[in-house]
Amino acid sequence: VTARPGAASVAELVLVAWLFGCVLAGVARVVTHQNRVAALQTDRIRLEEAVRTGAIILGAEVRHADTADLRLARDSIRLRAFRGGGGVCAGDGRVLRVLYRGMRQPDPAKDSVLAVADGGVVAFGLVSATRSAACGGALELVLESEPEEPPAWVLVFETGAYVLAGGAIRYRRGQGGRQPLTEALFREMEFAPAPEGLRLLMAPDPDSLRRLPGGTREVIAPILNRPPLQ
Amino acid sequence: MKCRSGFALVLSLVLTVAMAVLGAGMLVVAARETEIAAAVVQGRRGQALAETAVRVLVADWSTRVYGPLAVGETTAVPGEPAAGVRAWVTRLGTTLFLVEAAAGAGVGQPAAAALVRALDAAAMAAAVPGAVVADSAVWLHAGMVSGLGSCGDAPDAAAVVAPLVDVAPGAELEGAPAVVAALPPDFPAPEALTEPLLSRLATVRLPPGELADWPDPGTGACATGAGVAAGDSTGSACWPPPFIHVPGDLQVRSGEGQGLLLVAGDLQLLGFRFEGLVLATGRLALDSGTVIVGAARAATVEVRDARVTFDACAVRRAFGAGGLDGAFRPGHRWWIPRF
């Protein structure tokens, strides 16, 4: 048998096939591993994002809370959630003109007002909130009743509750529905008092985060006004 | 040269590009997570800085600096209470102030705000409307009480203010008017200014009991001639004057003192000279040539052989004594959110 010039021998073909198989197997292993790493990273990001969201939102909401603002239970916190405030530049009885700054405009349907004066802090219902020309565009807030002492500063708040249910942190305003703030990734969650303020314990759900090992996450939300939480 | 066709190079290039894309994707996600974490850390650091600046400002508070602010007026705090932080103080009411600090400039920067209360010396002095003031009764057996002691914008006062005033024939009274038979006003003090806090703020703490001679309160370091109002001519007085607190009954038999003397109990002064304000929660007895320049207030006051001369500036100065010059945390809410 005479070989054609330039043709490969069987041995060469076997060697090439074997090498090609090795390369493909390596590539397949790399791709598989890459997938696993990517999935792990995705799970980690989902979890960290949920933990971070809880820490940031709860931390901001309870940081300036006072004894009268908070009711703590194992699976919920009911609180005055501050949405804005400002100095009173002019006032007449129930009508206050406020240089308002906040995360949103006051909404009489769901907001109330804490009025700060020399004599102390008093809560009032809010009847209306409209723009006015006073004090260079102050907000005109009409309270349900006339404060005994003209307030110098007001804080606008809504009453809400942060609830741990269905594996997620949820916010519920008044008696309204529960809006999830995080992905439902947790098997167990619990609020507890801490020396600095509030502790939130979150145990990841192994069904939701199968690829991610790890224990319970703890978030500490300091309370500057240090209410004696029960 | 022969042409040899193959696909190994192309395949390896394709695989390399695919791997690079996958790796780059993961790197981008990881980098974004790092950026988010860094932003969170930076925000927390800014928040801590702003809160530290507020705490520093409150700790360094002096009513002599912020007391002159008008209600509604804002003043920037000179310098930086913490590195890279601006701070300012707004007077919200007679005793209420808002302390704010922001890390960096512009809206959205980490910021902190706290409500603090401070004694208003003028308002506090208004709760001492006479040379001798009592919540229930004053017995003036002998001696002299004068309410003529105007100073700056503070006018002359009554000699005696109490619901019940009994003046013996030998006693002398002068004032504008001499006697006001009425309940004196309460002190407009913050609710947080409790007995334990007062004890802590005092610069001199004396044990209850009997003192044969008034001890040197150690005021050599204080500045002299620092009046608190126009017309305050008491050049020998020091600033800040001592705040002397006694947590029980006290009897002093001789000596000289100045400042604010607060006795949580009965007080008997014999042959003692005091410049400032004497306060006792129980009975105050002035005897044996005791002289008070300023004012005295107690539940009941008995003047036997003493001279009390009202001095509006000495009274006002006394409310700047020791730690009373500082800021107090309100009873409940202190920190407030800032948007």
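Residues numbered from 1 in each chain as written. Chains lettered and ligands numbered in written order. Predicted model: local features only at pLDDT ≥ 70, side-chain atom pairs only at ≥ 80, totals over all residues. Heavy atoms only, no water.

**Examining the overall build of chain B**
Helix and strand counts for chain B stand at five helices and 24 strands. Out of the 339 residues in chain B, the part that is buried amounts to 48%. At a minimum sequence separation of 6, the contacts of chain B that also span at least 24 residues come to 52%. For chain B, the accessible surface area stands at approximately 15,100 Å², while carbon and sulfur atoms represent 59% of it. (Helix = DSSP H or I, 4+ residues; strand = E, 2+ residues; numbered from the N terminus. Buried < 20%, exposed > 50% of the residue type's maximum accessible area, 1.4 Å probe, protein only. Contact = heavy atoms within 4.5 Å. Areas by Shrake-Rupley, 256 points an atom, 1.4 Å probe, with all protein chains shown as cover.)

**Examining the sheet that holds strand 10 (residues 186–194) of chain A**
All names here are of chain A. Taken in spatial order, the three strands line up as 10-11-12 in an open sheet, and their pairing is antiparallel. Lying at the two open borders of the sheet, with one neighbouring strand each, are strand 10 and strand 12 (217–222). Each adjacent strand pair in this sheet contributes to an overall mean axis angle of 15 degrees, direction not counted. Across eight bridges, the pairing between strand 10 and strand 11 (residues 197–204) is antiparallel. In the sheet register, A192 faces strand 11, and the bridge partner there is R199. (Pairing = 2+ DSSP bridges. Axes fitted to C-alpha atoms, helices over the stretch in contact; angles between N-to-C directions.)

**What about the side chain of B:D325?**
Residues and elements named next belong to chain B. Summarising the element assignment, D325 is placed in the loop between helix 5 (312–318) and strand 23 (327–328). Among buried charged residues, D325 stands out as having no salt bridge; its nearest opposite-charge side chain is R64, 5.6 Å away. Among the polar contacts made by the side chain of D325, one reaches the side chain of S62 at a distance of 2.9 Å. A distance of 2.3 Å separates polar atoms of two side chains, one belonging to D325 and the other to T63. (Lys, Arg positive; Asp, Glu negative; His and termini not counted. Salt bridge = Lys/Arg side-chain N within 4 Å of Asp/Glu carboxyl O. Polar contact = N/O pair within 3.5 Å; in protein donor to acceptor, adjacent residues only side chain to side chain.)

**Re the pairing of strand 5 (residues 130–140) of chain B**
As a general feature of sheets, a regular strand has side chains that alternate between the two faces. Residue and element names in this part refer to chain B. When you tally the buried positions in strand 5, you get eight out of 11 residues, the bulk of the element. One ladder, built from seven bridges, connects strand 5 with strand 21 (residues 290–303); its direction is parallel. Within strand 21, the position partnered with L140 by the bridge is V303. In this structure, strand 5 lies alongside strand 8 (residues 164–167), joined through four bridges in parallel fashion.

**A closer look at the interface of chain A and chain B**
Listed per partner, the contact involves 37 residues of chain A and 35 residues of chain B. Buried surface at the junction of chain A and chain B, both sides included, amounts to about 3,100 Å², of which 61% is carbon and sulfur. Sorting the residues of chain A by area buried against chain B places A:H64, A:R101 and A:D118 first, and these three jointly supply 20% of that buried surface. Between chain A and chain B we count four salt bridges in total. Notably, a salt bridge pairs A:D118 with B:R117, separated by 3.8 Å at the nearest N-O pair. Across the chain A-chain B interface, the total number found is 12 residue pairs in polar contact (both at pLDDT 80 or more). Among the elements of the structure, helix 1 (10–63), strand 2 (76–92), strand 3 (95–102), strand 4 (111–117), strand 5 (120–131) and strand 7 (153–165) of chain A are those that each provide at least two residues to the side of chain A that touches chain B. If one sorts the elements of the side of chain A that touches chain B by residue count, helix 1 of chain A sits on top with 14 residues. (Buried area = accessible area lost by both parts, 1.4 Å probe.)

**A short note on the state of the cysteines**
Residue and element names in this part refer to chain A. With the rule as written, the count across this model stands at two disulfides over all chains. Covalently, C89 is tied to C135 through a disulfide, its sulfur atoms 1.9 Å apart. Every disulfide takes its handedness from the sign of the S-S torsion; for C89 and C135 that torsion is 100 degrees, giving right-handed. Note that C89 is positioned in strand 2 and C135 in the loop between strand 5 and strand 6 (139–143), a separation of 46 residues in sequence. Judged by relative accessible area, C135 falls into the partly exposed class, the value being 36%. (Disulfide = S-S within 2.5 Å.)

**Describing the confidence of the model for chain A**
With 93% of its residues at a pLDDT of at least 70, chain A reaches an overall mean of 88. Mean pLDDT across the secondary structure elements of chain A bottoms out at strand 9 (residues 178–180) of chain A, with 79, and peaks at strand 6 of chain A, with 95. (pLDDT = per-residue confidence, 0-100.)

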